[in-house]
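What follows is each chain in one-letter form.
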Amino acid sequence: MEERYDAGGIEGKWQAHWEKEQTFKAAQDGRDKYYLLEMFPYPSGRIHMGHVRNYSIGDVVARFKRLQGFNVLHPMGWDAFGMPAENAAIQHGTHPGKWTYENIDNMRAQLKKMGFSYDWDRELATCHPEYYRWEQLIFLKMFEKGLAYKKSSFVNWCPDCQTVLANEQVENGACWRCGMLVEQKELEQWFFKITDYAQELLDDTCRLSGWPEPVLTMQRNWIGRSTGCEIAFPVADADLQIRVFTTRPDTLFGATFMSLAAEHPMVADLTTPDRRAEVEAFVARVRTQDKARRTSDDFVKEGVFTGSYAINPVNGLRLPVFLANFVLMDYGTGAVMAVPTHDQRDFEFARKYDIPMVLVIQPENQTLDVAVMDEAWVGSGCLVNSGPFDGLDNETAKEKIAEYLEAQGFGRKTINYRLRDWGVSRQRYWGTPIPIIYCPHCGIVPVPEKDLPVVLPMDVEISGEGGSPLARHQAFLKTNCPTCGGDARRETDTFDTFVESSWYFARYTCPRFDQGPLDREAVDHWLPVDQYIGGIEHAVMHLLYARFFTKVMRDLGMLSQDEPFRNLLTQGMVCMDTVSCPAHGWLFPEQAVDGKCSLCGASVKTGRTEKMSKSKKNVVDPDQLIARYGADTARLFSLFAAPPEKDLEWNEQGVEGCYRFLHRVWRAVYDNLERIAGADILPEVDGAARDLRRQVHRTIKKVTEDIDGRFHFNTAIASVMELVNAVYGFEEKARHPGVMREALEATVRLLAPFVPHICEELWTCLGHAGGIESAGWPDWDETALVEDSKTIVVQVNGKVRGKVTVAADADEASLRQAALEESNVARFLEGKTVRKVVVVPSRLVNIVAS
């Protein structure tokens, strides 16, 4: 054994060993399975500290479960399609395929240098035809079932990325990728009918007990189930009806106008000639406004009269039909019956446009007057001005009016969801081709299964112009109709990249299967994923889509599971101080030396601690970190500095501290190696040896409980650090080499999931063959945990005044006596009479005196 710890040499040695021996290769066998998965990365070119943290968390769990005897599946692959690759190709004058595969090679090498225990034989890239071939087949099966369809609709359009965005990909009115403000544009699009699964997706959130409650709440809110009525309002002097969904049929008699979304398909039919110019200008303006802002309480309410009137079906009142900027097509029918006295947005709108108001709910013990109301009444009460329903409390009236509407044929009780069907068409090149052919005679024709995959051509000119470059690639575009054999054209849109990530976890179970998307035996063996790890930012996009896809594949007979992920851990971000120079802007950490800019010498300004970001240059290069300290130190710091679910603040001193700790562990083994060689581990010891052995087994129990399901890695590591301190402080090592051996071996075994390279090396140095995994996870000895003594806090009148150490089995009388005799306690009792002594077993003694 070398005297000094050589991280680089040790890590290279063990990484080569694991690869040669295929240590982490998973195969179905008789052991209990454990499927551990981190969200796979987009191949951007380099891994960052967020990757290091995320994948270190997963690797701890994977290695721990292997040590416990589980058959662990821990795969890795690449979410390789998408706009960034295409944008990078345009920017750098290269091909997105070349750029992507080079990045994959770089990042794979970096991940291997971190020592993550992946089964690399299962590696997949979503841009490979043998992956997306089966995705295309799933689409065709969905098309057959009516779960995939095409329609014209208003979509979120990013003018910079030149593509459609799903609602979930619009953040504060801007593209989630580039930050450009999103517009509303009408296009023919392919959709997945996720709404068919809305209720099941909602119901099954109650079964996901291993998911964080905030994620479940976000999904429930996004699905947005509400019960109410759909009501038909006839349009005056026209053969048209405006359908609305409302959760408040009790306010129907108070409707005095109608509000429609600017994107509503009836706008043109409702607009009279004299109102057309003003309406078209309003529609054009609203389509550029942020949809989230449009519905916020502080957004200025605006509208325009269409010139048409609707008829309230219960009282015949003529209701002017307005377009309103706060009404969206994304909820209900895109039309609202406006009741200004009982809805604040309607109230403000009616006041602004001088629209009449009718009060229909009068609260108890209060008399409202429309003429002096300064806000809408949204509480409960009894109905007034509501014909035969006057006097009913409004909750009872909801049901009675709903029944009346159904009986009269004006409406029906129904359930509405906020969730909308998933638009999957993207007008970009670097994505999975949608396997559809358009024939002038036969219409929409699916590509025959035997002709899959529809391969994305690589000889495409990436110009950056609007629309998909596939539309200009004649060899791809022109084809023959599979039905009639005539001239036809291919679909040139590609799939939203969330389609690829909605089923990759299932393909990992059988990545080389060539008879279909999934090998039923393999997928049913490994799924669901036992532990999934990734960012909370994917709560309503990736995670919801993956749940939907799993249910679809189940219904297509491809697998048996209802849900893809049994447990979910959402890790925090890695954050660091930002530093800027007045002349050069944001600086990398190495460009700020002693408070000065290394480029110009100016004083730098330290800004907020923010998520590590290339744009703000507050990043640490994992390769540089590994070169200086080793991968084990990088892993240890990312696991020790904060609990996994919290943000981690980068601290160079903390990294140094972790590096020094590994040197201490190495030195502890080196200094005692000869002494403990061949020593027997004896359970029957006393004195300091018994104390050390007790701490060994207490630490084993603590680390086991902290890792297993709790993911308290930081406290687990801290307890091992305390054990190492105890090893260094043990003064009877010569007399009790067996206890010392047990302590050192336990230290190495407990640290193995966190820092595997150094632990493999130390395990070998300690004389063991076969690798540390063959030793399994250590068990603690309950008898070793029994305390000889215990320390009890002593209070006088509720204030701590001392501590006493007594025998572990001391009775209450002994505790009272020891507490009263403690010197500092006795000082506070001088001149006082003890009224009562309260003993809380094993915790404290409180003496009441006056």
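If you're wondering where the values come from, they're calculated on a predicted model, not measured in any experiment. (Residues numbered from 1 in each chain as written. Predicted model: local features only at pLDDT ≥ 70, side-chain atom pairs only at ≥ 80, totals over all residues. Heavy atoms only, no water.)

A. Seen up close, the domain arrangement of the protein. Assigned domains within the protein: domain 1 (225-417), domain 2 (574-611), domain 3 (648-785) and domain 4 (789-849). One C-alpha centre belongs to domain 1, the other to domain 4, and the line joining them spans 71 Å. (Domains from an automatic or database assignment.)

B. Region of the structure containing the environment of A506. Its location among the elements puts A506 in helix 14 (residues 504-507). Its relative accessible area of 0% is what places A506 among the buried residues. The sequence separation of A506 and A522 amounts to 16 residues, and the corresponding C-alpha distance is 9.2 Å. Not counting residues within four places of it along the chain, the set of residues in contact with A506 comprises L518, V523, L527 and M553. (Helix = DSSP H or I, 4+ residues; strand = E, 2+ residues; numbered from the N terminus. Buried < 20%, exposed > 50% of the residue type's maximum accessible area, 1.4 Å probe, protein only. Contact = heavy atoms within 4.5 Å.)

C. Here's a closer look at the nonpolar core. Among the nonpolar cores identified, the biggest contains 180 residues, and F192, W422, F505 and F548 are the most heavily contacted of them. In this view, F505 contacts Y35, L37, L527, V529, A546, T550, P564 and F565; residues no more than four positions away in its chain are not counted. The next biggest cluster of nonpolar side chains, apart from the first, holds 36 residues, and it includes V235, L252, A255 and V360. (Core = buried A, V, L, I, M, F, W, Y, C linked by side-chain atoms within 4.5 Å.)

D. Just the sheet that holds strand 9 (residues 241-246), in detail. Taken together, three strands build an open sheet; the order of strands is 9-8-16 and the sheet is antiparallel. Lying at the two open borders of the sheet, with one neighbouring strand each, are strand 9 and strand 16 (411-417). Here the strands of the sheet are splayed against their neighbours by 35 degrees on average, with no regard to which way each runs. Sheet topology note: the strand 8 (residues 225-234)/strand 9 ladder contains six bridges and is antiparallel. Looking at the pairing, I231 lines up with V244 of strand 9. Contacts from helix 12 (residues 394-408) reach strand 8 and strand 16 within the one sheet, and its direction differs from that of strand 16 by about 115 degrees. (Pairing = 2+ DSSP bridges. Axes fitted to C-alpha atoms, helices over the stretch in contact; angles between N-to-C directions.)

E. Structural view of the sheet that holds strand 24 (residues 531-534). Across the sheet, which stays open at both edges, the four strands sit in the order 2-1-24-25 with parallel pairing between neighbours. Each edge of the sheet is formed by a strand with only one pairing partner; in this case those strands are strand 2 (71-73) and strand 25 (568-570). For this sheet, the mean angle separating the axes of adjacent strands, direction not counted, is 15 degrees. Direction of pairing for strand 1 (residues 33-38) relative to strand 2: parallel, over a ladder of three bridges. When the bridges of strand 2 are listed, Y34 appears paired with V72.

F. View of the UniProt feature "binding site: ATP" (unreviewed entry) in the protein. When the UniProt feature table is mapped onto this chain numbering, "binding site: ATP" (unreviewed entry) sits at K614. For K614, the position within the fold is in the loop between strand 30 (605-611) and helix 17 (622-629). When its relative accessible area of 56% is taken as the criterion, K614 is described as exposed. (UniProt positions renumbered as here; feature names shortened; annotations may be inferred.)

G. Broad picture of helix 4 (residues 96-113). For helix 4, built from 18 residues, the straight-helix expectation of 26 Å at 1.5 Å per residue is met to within 8% by its first-to-last C-alpha distance of 26 Å. All buried positions along helix 4 are accounted for by P96, G97, W99, T100, N103, I104, M107, Q110 and L111. Across the axial projection of helix 4, the buried residues extend over an arc of 150 degrees, all falling on one side. Elements in contact with the buried residues of helix 4: helix 2 (49-67), helix 3 (83-92) and helix 17. (Expected span 1.5 Å × (residues − 1). Arc of directions from axis to C-beta.)

H. Structural view of the packing of helix 20 (residues 687-707) against helix 22 (residues 737-751). Viewed as axis vectors pointing N to C, helix 20 and helix 22 meet at an angle of 15 degrees, and their least axial separation amounts to 10 Å. Here helix 20 is positioned roughly parallel relative to helix 22, judged by the angle of their axes. Relative to helix 22, the crossing made by helix 20 is left-handed. In contact with A689, L692, R693, V696, H697, T699, I700 and V703 of helix 20, helix 22 contributes V739, E742, A743, A746 and L750. Looking at side-chain class alone, the contact of helix 20 with helix 22 contains nine nonpolar, two polar and two charged residues. (Parallel < 35°, antiparallel > 145°, perpendicular 65-115°, else oblique. Left-handed = near helix turned anticlockwise from the far one by under 90°. Nonpolar A, V, L, I, M, F, W, Y, C, P; charged D, E, K, R; others polar.)

I. Looking closely at the environment of R287. Mapped onto the secondary structure, R287 falls in the loop between helix 9 (276-286) and helix 10 (291-294). The exposure class assigned to R287 is partly exposed, which follows from its relative accessible area of 25%. As a C-alpha pair, R287 and R675 span 388 residues in sequence and 78 Å in three-dimensional space. When neighbours within four sequence positions are excluded, R287 is seen to be in contact with F154, V182, E183, Q184 and A262.

J. Focus on unusual backbone geometry. A cis geometry characterises the amide bond from L452 onward to P453, with omega recorded as 0 degrees. Along the chain, P453 falls in the loop between strand 20 (443-446) and helix 13 (474-477). Going from L527 to P528, the amide bond is cis rather than trans, its omega being 0 degrees. With respect to the element layout, P528 can be found in the loop between helix 15 (520-526) and strand 24. The phi angle at Q22 is positive, at roughly 50 degrees, despite the residue not being glycine. Topologically, Q22 is positioned in the loop between helix 1 (7-21) and strand 1. Taking the relative accessible area as the measure of exposure, Q22 reaches 43% and is therefore partly exposed. Non-glycine residue K617 carries a positive phi angle of around 65 degrees. Within the element layout of this structure, K617 appears in the loop between strand 30 and helix 17.

K. Representation of the UniProt feature "short sequence motif: 'HIGH' region" (unreviewed entry) in the protein. Residues annotated in UniProt with the feature "short sequence motif: 'HIGH' region" (unreviewed entry) correspond here to residues 41-51. End C-alpha atoms of residues 41-51 are separated by 8 Å, and the span's content is 27% helix alongside 0% strand.

L. Expanded view of the pairing of strand 3 (residues 148-158). Looking at chain direction, strand 3 and strand 7 (residues 183-192) are connected through ten bridges and run antiparallel. Looking at strand 7, one finds that S153 is bridged to L187. Across three bridges, strand 3 lies against strand 4 (residues 163-165) in antiparallel orientation. Within strand 4, the position partnered with N156 by the bridge is L165. Between the end of strand 3 and the start of strand 4, which pair antiparallel, lie four residues, with Q162 showing a positive phi angle near 55 degrees.

M. Examining helix 12 more closely. With 15 residues, helix 12 should cover 21 Å at 1.5 Å per step; its first-to-last C-alpha distance of 20 Å lies within 8% of that length. Residues of helix 12 that are buried sit in contact with strand 8, strand 14 (361-362), strand 15 (382-383) and strand 16. The N-cap residue of helix 12 is D393: its side-chain oxygen and the backbone nitrogen of E395 are 3.2 Å apart. G409 sits one or two residues past helix 12 and shows a positive phi near 80 degrees. (Polar contact = N/O pair within 3.5 Å; in protein donor to acceptor, adjacent residues only side chain to side chain.)

N. Main features of the pattern of salt bridges. Applying the stated criterion across every chain yields a total of 54 salt bridges. Between D691 and R694 there is a salt bridge, with the nearest N and O atoms lying 2.9 Å from each other. Of the two residues, D691 and R694 both sit in helix 20, three residues apart, roughly one turn of that helix. According to the relative accessible area criterion, D691 is partly exposed, its value standing at 41%. What makes R694 buried here is its relative accessible area of 5%. Note that D706 is salt-bridged to K702, the shortest N-O span being 2.5 Å. Taken together, the residues span about one helical turn, with D706 and K702 both in helix 20 at a distance of four residues. You can call D706 buried: its relative accessible area is 0%. It is possible to trace a salt-bridge network through shared partners that takes in E200, D204, R207, R547, K551, R554, D555, D562 and E563. (Salt bridge = Lys/Arg side-chain N within 4 Å of Asp/Glu carboxyl O.)

O. Main features of the packing of helix 20 against helix 21 (residues 713-729). In contact at an axis separation of 8 Å, helix 20 and helix 21 are set at 165 degrees when each is read in the N-to-C sense. Overall, the two elements helix 20 and helix 21 adopt an arrangement that is roughly antiparallel. Crossing angle aside, the handedness with which helix 20 passes helix 21 is left-handed. On the side of helix 20, the interface is formed by L692, Q695, V696, T699, K702, V703, D706 and I707, while helix 21 contributes F713, T715, A716, S719, V720, E722, L723, A726 and V727. Residues belonging to the contact of helix 20 with helix 21 are distributed by class as follows: ten nonpolar, four polar and three charged.

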